[in-house]
Amino acid sequence: MTRLKTAIPKSELLAQDHQHCWHPFTQAQTAAPPIPMVRGEREFLFDADGKRYFDGVSSWWVNLHGHAHPVIAEAIAQQARTLEQVMFAGITHAPAVQLAQALVQRAPAPLQHVFYTDNGSTAVEVALKMAAQYWRNQGQLRQRFLAFEGAYHGDTFGAMAAGRSSGFYTPFEDWLFAVDSLPYPHTWQGHGPSADEAESLAWLDQYLLEHGSELVAFIAEPLVQGAAGMRMVRPAYLRAVVERVQAQGIPVIFDEVMTGFGRTGTFFASEQVGVAPDLLCLSKGLTGGFLPMGATLAQPHIYQAFLSDDVGKALLHGHSYTANPLGCAAALASLQLFEEEQTLARIQAQAAVHTEQLARLAQHPRVQRVRQSGTIAAFDLQVNEQNQYGAGAGTWLRERAAQQGVLLRPLGNCIYFIAPYCTANETLIQAYQVVSTLLDELAERQGESRIASDFF
Ligand SMILES: *Cc1c(COP(=O)(O)O)cnc(C)c1O
């Protein structure tokens with residue numbers, strides 16, 4: 001019998017990894033060897049040498065309450081001993097029903113129907129398909145989608161199409177369906193309502209006039225574009241966009257895969273925008289960062305458009321692990337922790353630390369466009385286009401910060417923190433100090449050129 005070896009020597013692990021593991025968003029030929037991680041606890045991860053790291057990006061934005069949280073771990077273990085998995089067609093179970101109820105309670109009214117998937121990309125995929133078939137079921141063939149310029153909605157084909165303007169998908173461009181892109185008027189601290197917002201809205205008015213009757217749906221990451229480099233817009237601007245689109249009966253899809261579950265300071269970013277999307281996509285923090293799971297919430301008028309005597313009008317979509325009981329149990333435990341650990345209050349407290357630390361960092365000559373939305377804190381490294389000073393600086397910073405026990409994942413020249421909510425103030429303040437010191441060091445390395453900056 002093959003047994004899981006827990007104590008493989010580090011060198012052997014890395015050799016085997018190199019031979020067999022294909023890592024995401026990674027150029028294997030030039031990438032540094034991965035860090036062999038062994039365990040997690042609260043905001044920390046520990047590698048094979050026992051070295052401790054602060055997880056400054058919540059493991060790609062999924063972790064909420066800390067690593068290996070005992071309450072979520074126990075909920076999963078109990079569920080695994082009771083009902084680990086069952087198909088979700090013709091069958092239901094308490095974890096799925098309770099979670100659907102809990103999500104609906106938290107989501108803006110009247111989002112009421114929950115469709116489960118496996119990750120953020122498929123949560124988006126389902127929303128796009130729901131919107132397309134919503135029109136088709138009413139006898140209308142609509143073929144245009146509208147998304148924000150620079151959007152990221154995931155890596156499956158529909159999600160890639162929705163994010164095509166980001167430029168991430170060059171090898172697949174010819175296979176992506178057409179999606180029009182709305183100019184994105186991003187703002188940062190001290191950069192108020194801009195002329196860009198008025199231009200974007202004027203563009204939208206003209207677009208709706210010309211193409212409104214062909215439009216399937218508008219999709220957006222509310223308030224913060226994640227992968228585009230933590231680009232933020234003002235709630236009032238986004239509200240104006242949504243109101244214009246919904247006034248024409250066109251569904252609005254909010255992709256809260258990153259912004260959901262408290263990231264922007266409120267439980268959902270939608271709350272700050274002050275509108276209810278017709279469709280809402282969730283994943284990442286849904287299970288507290290323990291298990292892959294997605295959910296797409298729909299308003300009743302969308303759901304009702306699929307009701308018919310004709311099976312062809314149903315949403316003929318599903319995944320083997322749809323509504324996996326383990327994922328549902330983890331999500332319910334995570335929501336319970338929001339109450340027990342007063343997570344929203346912790347979020348406010350962490351946001352205040354970011355505000356204070358960002359204000360100090362903003363003084364640094366290499367720092368620009370400081371910005372924050374709740375627990376999402378970011379700035380851009382100043383890059384001199386002429387002598388390419390700073391190109392690849394993000395990668396350099398990531399490697400140096402890791403050496404000093406801080407895990408970051410710069411997006412090009414955007415440096416950001418998205419920390420677990422349980423992070424101690426001291427941990428966060430120390431991490432800012434590490435970054436600040438590295439910025440000084442970077443200034444001294446002027447002229448040294450590095451290639452290949454990180455993607456994602
Ligand atoms: C990460 C992300 C996705 C994709 O989620 P996966 O679980 O990685 O497929 C989609 N939308 C947004 C806004 C994201 O940040």
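Keep in mind that this is a model prediction, so the values were computed, not measured.

Draft legend 1. Structural detail: the domain arrangement of the protein chain. Taken domain by domain, the protein chain holds domain 1 (10-68 + 342-452) and domain 2 (71-340). Facing the 31 residues of domain 1 at the interface are 31 residues of domain 2. Buried surface at the junction of domain 1 and domain 2, summed over both partners, amounts to about 2600 Å²; 61% is from carbon and sulfur atoms. Where domain 1 touches domain 2, the interface holds zero salt bridges. Viewed at the interface, domain 2 and domain 1 are joined by 17 residue pairs in polar contact (both at pLDDT 80 or more).

Draft legend 2. Broad picture of unusual backbone geometry. Cis geometry is found at the peptide bond from A109 to P110, where omega equals 0°. For P110, the location among the structural elements is in the loop between α4 (94-106) and β4 (113-117). Located in the positive-phi region is R42, a residue other than glycine, with phi close to 50°. Among the secondary structure elements, R42 is positioned in the loop between β1 (37-41) and β2 (44-47). R42 gets classed as partly exposed once you look at its relative accessible area, which sits at 44%. Positive phi outside glycine occurs at W60, with the angle close to 60°.

Draft legend 3. Structural detail: the site of the ligand. Taken together, W61, N119, G120, S121, Y152, H153, G154, E221, D255, V257, M258 and K284 make up all the residues around the ligand. Measuring from an oxygen atom of the ligand, one finds a side-chain N or O atom of K284 at 2.7 Å. In the complex, the protein chains occlude 85% of the 380 Å² of accessible area that the ligand would expose alone. Here the residues of the shell around the ligand sort into four nonpolar, five polar and three charged.

Draft legend 4. Here's a closer look at the UniProt feature "binding site: pyridoxal 5'-phosphate" (unreviewed entry) in the protein chain. UniProt marks G120, S121, D255, H319 and S320 with the feature "binding site: pyridoxal 5'-phosphate" (unreviewed entry), using the numbering shown here. What stands out for the annotated residues spanning 201 residues is how far apart their C-alpha atoms range, the widest pair being 22.8 Å apart. Note on placement: S121 falls in helix α5 (residues 120-136). Looking at S121, the relative accessible area reads 16%, which means it is buried. Ignoring anything within four residues of it in the chain, the contact list for S121 reads H153, G154, D155, T156 and A159. Note on placement: S320 falls in the loop between α10 (300-304) and α11 (325-340).

Draft legend 5. Spotlight on the environment of V57. For V57, the location among the structural elements is in the loop between β3 (52-55) and α2 (58-61). Each C-alpha atom, one on V57 and one on L408, is 6.0 Å from the other, the two residues being 351 residues apart in sequence. Setting aside residues no more than four positions away along its own chain, V57 makes contact with L407, L408, R409, Y416 and I418.

Draft legend 6. Layout of the side chain of N63. Looking at the element boundaries, N63 is found in the loop between α2 and α3 (70-82). According to the relative accessible area criterion, N63 is buried, its value standing at 2%. Beyond its immediate stretch of four places on either side in the chain, N63 contacts S58, R263, G288, G289 and P420.

Draft legend 7. Inspection of the nonpolar core at higher detail. Residues F148, F218, M230, F254, F261 and Y416 are the most contacted members of the largest nonpolar core, which totals 63 residues. Residues lining this core come from more than one domain, with at least three contributed by each of domain 1 (10-68 + 342-452) and domain 2 (71-340). Setting aside anything within four residues of it in sequence, one finds F148 in contact with S165, S181, L182, P183, Y184, F218, I219, A220, Q225, Y237 and L238. Membership of the second largest hydrophobic core comes to 33 residues, among which are V126, W135, F145 and L315.

About the thresholds
- Residues numbered from 1 in each chain as written.
- Predicted model: local features only at pLDDT ≥ 70, side-chain atom pairs only at ≥ 80, totals over all residues.
- Heavy atoms only, no water.
- Domains from an automatic or database assignment.
- Contact = heavy atoms within 4.5 Å.
- Buried area = accessible area lost by both parts, 1.4 Å probe.
- Salt bridge = Lys/Arg side-chain N within 4 Å of Asp/Glu carboxyl O.
- Polar contact = N/O pair within 3.5 Å; in protein donor to acceptor, adjacent residues only side chain to side chain.
- Helix = DSSP H or I, 4+ residues; strand = E, 2+ residues; numbered from the N terminus.
- Buried < 20%, exposed > 50% of the residue type's maximum accessible area, 1.4 Å probe, protein only.
- Near = heavy atom within 4 Å.
- Areas by Shrake-Rupley, 256 points an atom, 1.4 Å probe, with all protein chains shown as cover.
- Nonpolar A, V, L, I, M, F, W, Y, C, P; charged D, E, K, R; others polar.
- UniProt positions renumbered as here; feature names shortened; annotations may be inferred.
- Core = buried A, V, L, I, M, F, W, Y, C linked by side-chain atoms within 4.5 Å.

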